[in-house]
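So you can see what is in the structure, the chains are spelled out below.
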Amino acid sequence: MTEQETPPARILAIESSCDETAAAVLEDGRAILASTVASQMEMHARFGGVFPEVASRQHVLSITPVIEQTLAQAHLTLNDIDAIAVTRGPGLAGSLVVGVNAAKGLALGSDRPLVGVNHLEGHLYSAWVYNAGDTPPPEPQFPLLALLASGGHTELNLMTGHLQYQHLGATLDDAAGEAFDKVARLLGLPYPGGPAIQEAAVNGDPDAFDFPRARLEGTWNFSFSGLKTAVLREVRKLEKAGRLPVANLAASFQAAVVDALFTKTMQAAREFGAKEILVAGGVSANQALRSAFLGQDEFQLNIPALSLCTDNAAMIAAAGYQRFIHGHHDSLDIDVLPTWPLS
Ligand code: KG4
Ligand code: ZN
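Rules used in this analysis
- Residues numbered from 1 in each chain as written.
- Chains lettered and ligands numbered in written order.
- Predicted model: local features only at pLDDT ≥ 70, side-chain atom pairs only at ≥ 80, totals over all residues.
- Heavy atoms only, no water.
- Helix = DSSP H or I, 4+ residues; strand = E, 2+ residues; numbered from the N terminus.
- Rg over C-alpha atoms; globule rule 2.2 N^0.38 Å.
- Buried < 20%, exposed > 50% of the residue type's maximum accessible area, 1.4 Å probe, protein only.
- Pairing = 2+ DSSP bridges.
- Contact = heavy atoms within 4.5 Å.
- Axes fitted to C-alpha atoms, helices over the stretch in contact; angles between N-to-C directions.
- Salt bridge = Lys/Arg side-chain N within 4 Å of Asp/Glu carboxyl O.
- Donors = N, O, S within 2.8 Å, 3.2 Å for Na, K, Ca; no water.
- Expected span 1.5 Å × (residues − 1).
- Arc of directions from axis to C-beta.
- Domains from an automatic or database assignment.
- Buried area = accessible area lost by both parts, 1.4 Å probe.
- Polar contact = N/O pair within 3.5 Å; in protein donor to acceptor, adjacent residues only side chain to side chain.
- Nonpolar A, V, L, I, M, F, W, Y, C, P; charged D, E, K, R; others polar.

What's the story with the overall build of the chain in this structure? I'm lost.
Looking only at helices and strands, one finds ten helices and eleven strands in the chain. Taking 2.2 N^0.38 as the reference for a compact globule, 343 residues should give roughly 20 Å; the C-alpha atoms of the chain span a radius of gyration of 20 Å, in line with that estimate. With the C-alpha coordinates of the chain rotated into their principal frame, the extents come out at 65 × 45 × 35 Å. When burial is assessed residue by residue, the chain has 53% of its 343 residues classed as buried.

Would you explain the sheet that holds strand β6 (residues 130-131) in this entry?
The pairing of strands in a sheet comes from backbone hydrogen bonds and takes either a parallel or an antiparallel form. With mixed pairing, six strands are arranged side by side in an open sheet as β5-β4-β1-β2-β3-β6. The open sheet has two edge strands, β5 (114-118) and β6, and neither has a second partner. Sheet analysis places strand β2 (residues 20-27) next to strand β3 (residues 31-39), joined by eight bridges and oriented antiparallel. Among the inter-strand pairings, Ala24 is bridged to a residue of β3, identified as Ser35. Docked against the sheet, helix α2 (residues 52-73) engages β1 (10-15), β2 and β3, running at close to 25 degrees with respect to β2. Sheet strands touched by helix α3 (residues 93-110): β1, β4 (83-89) and β5. Its angle to β4, the strand with the most contacts, is close to 160 degrees.

Would you mind going over the pattern of salt bridges with me for this structure?
For side chains bearing opposite charge, pairing can occur when the charged atoms are close. Enumeration according to the criterion identifies ten salt bridges in this entry. Salt-bridge contacts for Lys182 lead to Asp174; the nearest nitrogen and oxygen are separated by 3.1 Å. Its relative accessible area of 32% is what places Lys182 among the partly exposed residues. Overall, Asp174 belongs to the buried group, its relative accessible area being 7%. A salt bridge links Glu298 to Arg270, with the nearest nitrogen and oxygen atoms 2.8 Å apart. Taken as a pair, Glu298 in the loop between α9 (287-294) and β11 (300-302) and Arg270 in helix α8 (residues 246-271) lie far apart in primary sequence, 28 residues in all. For Glu298, a relative accessible area of 43% puts it in the partly exposed group. Among the residues examined, Arg270 registers a relative accessible area of 45% and is labelled partly exposed. It is possible to trace a salt-bridge network through shared partners that takes in Asp174, Glu178, Lys182 and Lys228.

Teacher, can you tell me more about the coordination of the zinc ion (ligand 2) here?
For a metal with four donors in a tetrahedral arrangement, the ideal angle between donors is 109.5 degrees, while six donors in an octahedron ideally sit at 90 or 180 degrees. Within the protein, His119 (NE2), His123 (NE2) and Asp311 (OD) serve as the donor atoms for the zinc ion (ligand 2), at 2.0 to 2.1 Å. Spacing between the donor residues of the zinc ion (ligand 2) along the chain follows H-x3-H-x187-D. With His119 and His123 both in helix α4 (residues 119-125) and four residues apart, this pair spans about one turn of that helix. Accessibility classification places His119 together with His123 in one group, the buried group.

Explain helix α7 (residues 225-241) here, please?
Along an α-helix, residues three or four positions apart point the same way, because every turn accommodates 3.6 residues. Between the first and last C-alpha of α7 there are 25 Å, a value that for 17 residues agrees with the 24 Å anticipated at 1.5 Å per step. Inspection of α7 places Leu227, Ala230, Val231, Glu234, Val235 and Leu238 among the buried residues, and these make up the whole buried set. Buried positions in α7, seen along its axis, are confined to an arc of 135 degrees and lie on one side of it. α7 presents Arg233, Lys237 and Lys240 as exposed residues on the side facing more than 90 degrees away from its buried surface. Among the structural elements, α5 (176-186) and α8 are those in contact with the buried residues of α7. Phi for Gly242, located one or two positions after α7, is positive at around 90 degrees.

Help me out: how do you make sense of the domain arrangement of the chain in this one?
Many descriptions give the size of an interface as the accessible area lost when the pieces come together. What the domain assignment reports for the chain is domain 1 (10-129 + 307-325) and domain 2 (144-303). Spacing between the C-alpha centres of domain 1 and domain 2 amounts to 26 Å. If you look at the interface, domain 1 gives 20 residues, while domain 2 gives 21 residues. Summing both partners gives a buried area of about 1700 Å² for domain 1 against domain 2, and 73% of it is carried by carbon and sulfur. On the surface where domain 1 and domain 2 come into contact, there are zero salt bridges. Taken together, the connections running from domain 1 to domain 2 amount to five residue pairs in polar contact (both at pLDDT 80 or more). Breaking the side of domain 1 that touches domain 2 down by element, the ones donating at least two residues are α1 (41-45), α4 and α10 (314-325). Split into classes, the residues belonging to the side of domain 1 that touches domain 2 amount to ten nonpolar, seven polar and three charged.

Okay, structure coming up:
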């Protein structure tokens, strides 16, 4: 079977690992027939971050309507679905349980296979997904160097084939998205910090402050805690002086993160003989990061559409499809895996 001749299948996927309740129906591993994301973001913004108990309670309220709305939007019923995919981890235990239990119920009730999906694998597969009716973007080609930068994870993997990962390195402390969120708070910007910093940075000078880039030479790891501390120190100093140049601080911080992510990903792609690069996870929505990767012409770039960068169920369906066609079906007594690594 070639990459292009994938067997037809419709996957209904559920995602509830953090603060988004999402469902999607995907055809043939790539084409979105319907996708719904109910975000709790505004609810959590009050707390400056995700409040786990509030998240799971909200998932309980949203999950059934979100699934029903998604099937209705696709003009399908459960009879038209070939498998039920669900995020099993990593994520918040109480939130994952809601999605996994809903998926078990649907699988049992419809006598369809259940496929547990790793959320990080889902993020990587977001690069395969497109809206049904649109021209399919070229399928990513292996071996590809994958940068995954989200709120909870930042890592580099060499993908040698479908579901095949060689882990190269990861952040030793904060994830890139977490650094955006924490620095946003320091600058008095709202949660989630990534979009807020990006917006503030538009009017800022990325060279205004020379923030450190932890190079960690000889490894494929990242570190963002030193950068965060450097911003904190600068903020304290400037606050004493009575004026906080938020735009310049945001632009300089963003430039440091983008530089660290871009430089190491390019080095790794060369070192491991990658054919292409893939960038995914919430931070891949960042315009400065996208521009950096779009600005190079050494490697073909695979990057999800903006709506697919942050948490959604279409990406879970895409990863679930690969697991499904490779025979990775799960039993109905699977548990959630809140700290499940990708490889
Ligand atoms: O992948 P995601 O939706 O959830 C996790 O799996 O963690 O990523 C969320 C993270 C948050 O830290 C958020 O601040 C960051 O992605 N993010 C961004 C942008 N949009 C979301 N970071 C930088 N620039 C953005 N435009
Ligand atoms: Zn995510």
